[in-house]
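# Topology and contacts: notes
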Amino acid sequence: MVFLLSLLLLSLFPSSNCENPPSPGYYPSSSVESLQFNKVFRNLWGPQHQSLNQDTLTIWLDHNSGSGFKSLRDYRSGYFGTFVKLQPGYTAGIITSFYLSNSEDFPGNHDEIDIEFLGTTPDKPYVLQTNVYIKGSGDGHIIGREMQFHLWFDPTKDFHNYAILWDPNQIIFFVDDVPIRRYPKKSDATFPQRPMYVYGSIWDASSWATEDGRIKADYRYS
């Protein structure tokens, strides 16, 4: 069984269902420059499950291992985006993700900003989950941890742009330049201010990823 996460033209800039996509009115992705993967990232784990073909990175999961990558440097703010095409079919229990984190620098007390795709069964759509985690906490009350969305398109059919804008006053999550969530800074205690690295990964999260863990990853599917 192989699950794929393909990423096209990954860009970094340091410093409800509907039939048609909403108009964003402005296009932040148009003002950033795409960077070559090998100049910005390195493999973090599962190197045998990564393949780079010109401007497209494919990472995959089987019963032996998933895969992940990490940026070569950390960032204090910026626009972080990637074009992603997801694996179709049975992907229950699987998480594909693009996120910011300093978990390796501050284990147990880290910050994190996530875009996560929760795997599913063929009769149901992917769920896009956003997550904000501050100094080891994402309690869902003071710190707005998880918020989930159904997209207005099938993310397995083509590449779409998913991005995080993190500046000193707010975090905005984008899909194809459409802002889907804004997390404002309300206090120093509830907003990430320490540098974070950029990560991407695919891994088995059967304990919670699909219908709260009721449906598990099944490696008979491919």
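All values derive from a computational prediction rather than experimental measurement.

Before going further, it helps to spend a moment on the layout of surface pockets. To locate leftover empty space, one rolls a probe as large as a water molecule over the atoms. In this model, the largest pocket occupies a volume close to 280 Å³. Around the largest pocket, the lining is made up of 15 residues, and of these Leu118, Val127, Ala209, Thr210 and Glu211 lie nearest the centre. Looking at the lining of the largest pocket, the elements that each hand over two or more residues are β9 (127–133) and β10 (146–149). Each residue belonging to the lining of the largest pocket can be placed in one class, and the counts come to 5 nonpolar, 6 polar and 4 charged. The wall of the second largest pocket is formed by 13 residues, among which Lys124, Pro125, Tyr126, Asp154 and Thr156 lie closest to the centre. When the residues that make up the lining of the second largest pocket are grouped by side-chain class, the tally is 7 nonpolar, 4 polar and 2 charged.

So, on to the environment of Phe173. Considering the arrangement of structural elements, one finds Phe173 in strand β12 (residues 170–175). Its relative accessible area of 1% is what places Phe173 among the buried residues. Ignoring sequence-local partners within four residues, the contact set of Phe173 consists of Ile113, Asp114, Ile115, Thr130, Asn131, Val132, Ala163, Ile164, Val178, Pro179, Ile180 and Arg181.

Pairing between the strands of a sheet comes from backbone hydrogen bonds, and it takes one of two forms, parallel or antiparallel. Strand order in the open sheet made by the 7 strands is β2-β5-β14-β7-β8-β9-β10, with antiparallel pairing throughout. Both outer strands of the open sheet, β2 (41–45) and β10, are each paired with one neighbouring strand and no more. The mean inter-strand angle of the sheet, taken between neighbouring strand axes irrespective of direction, is 20°. With 4 bridges joining them, β9 and β10 adopt antiparallel strand pairing. Looking across to β10, one finds that Gln129 is bridged to Gln148.

As a further point, take the pattern of salt bridges. If charged atoms from side chains of opposite charge come close, those side chains can pair. Per the stated rule, a full pass over the model turns up 6 salt bridges. In this structure, the salt-bridge partner of Lys124 is Glu211, at a minimum N-O distance of 2.6 Å. Here Lys124, found in the loop between β8 (112–118) and β9, pairs with Glu211, found in the segment after β14 (197–204); they are 87 residues apart in sequence, far enough to count as distant. Given a relative accessible area of 39%, Lys124 falls into the partly exposed group. Owing to a relative accessible area of 30%, Glu211 belongs among the partly exposed residues under this scheme. When the shortest N-O distance is used, the salt bridge between Lys185 and Asp188 registers 3.0 Å. Judged by relative accessible area, which is 45%, Asp188 ranks as partly exposed.

The buried fraction of strand β4 (residues 56–61) is high, at 6 of 6 residues. Burial of the side chains of β4 extends over both faces: Thr56, Thr58 and Trp60 are buried on one face and Leu57, Ile59 and Leu61 on the other. For strand β3 (residues 50–53) and β4, the ladder comprises 4 bridges, and the chain directions are antiparallel. When the bridges of β4 are listed, Asn53 appears paired with Thr56. Where β3 folds back onto β4 in an antiparallel hairpin, the turn is made up of 2 residues, including Gln54, whose phi is positive at roughly 55°.

Structurally, Tyr133 can be placed in strand β9. Each C-alpha atom, one on Tyr133 and one on Phe191, is 8.5 Å from the other, the two residues being 58 residues apart in sequence. In contact with Tyr133, not counting residues within four places along its chain, are His110, Asp111, Glu112, Gly138 and Arg145. Side-chain polar atoms of Tyr133 contact the backbone oxygen of Gly136, separated by 3.0 Å.

Within β14, 6 of the 8 residues are buried, which leaves the element mostly enclosed by the surrounding structure. Examined bridge by bridge, strand β5 (residues 67–71) and β14 share 4 bridges and lie antiparallel to one another. Paired with Lys70 across the strands is Tyr199, a residue of β14. Both strand β7 (residues 94–101) and β14 contribute to a ladder of 8 bridges, which runs antiparallel. Counted as the bridge partner of Ser101 is Tyr197 from β14.

Rules behind the numbers
Residues numbered from 1 in each chain as written. Predicted model: local features only at pLDDT ≥ 70, side-chain atom pairs only at ≥ 80, totals over all residues. Heavy atoms only, no water. 1 Å grid on protein atoms, 1.4 Å probe; cavity = no way out; pocket = protein on both sides within 12 Å on 5 of 7 lines; lining within 4 Å. Points joined across faces, edges and corners; volume = space filled by probe spheres on them. Helix = DSSP H or I, 4+ residues; strand = E, 2+ residues; numbered from the N terminus. Nonpolar A, V, L, I, M, F, W, Y, C, P; charged D, E, K, R; others polar. Buried < 20%, exposed > 50% of the residue type's maximum accessible area, 1.4 Å probe, protein only. Contact = heavy atoms within 4.5 Å. Pairing = 2+ DSSP bridges. Axes fitted to C-alpha atoms, helices over the stretch in contact; angles between N-to-C directions. Salt bridge = Lys/Arg side-chain N within 4 Å of Asp/Glu carboxyl O. Polar contact = N/O pair within 3.5 Å; in protein donor to acceptor, adjacent residues only side chain to side chain.

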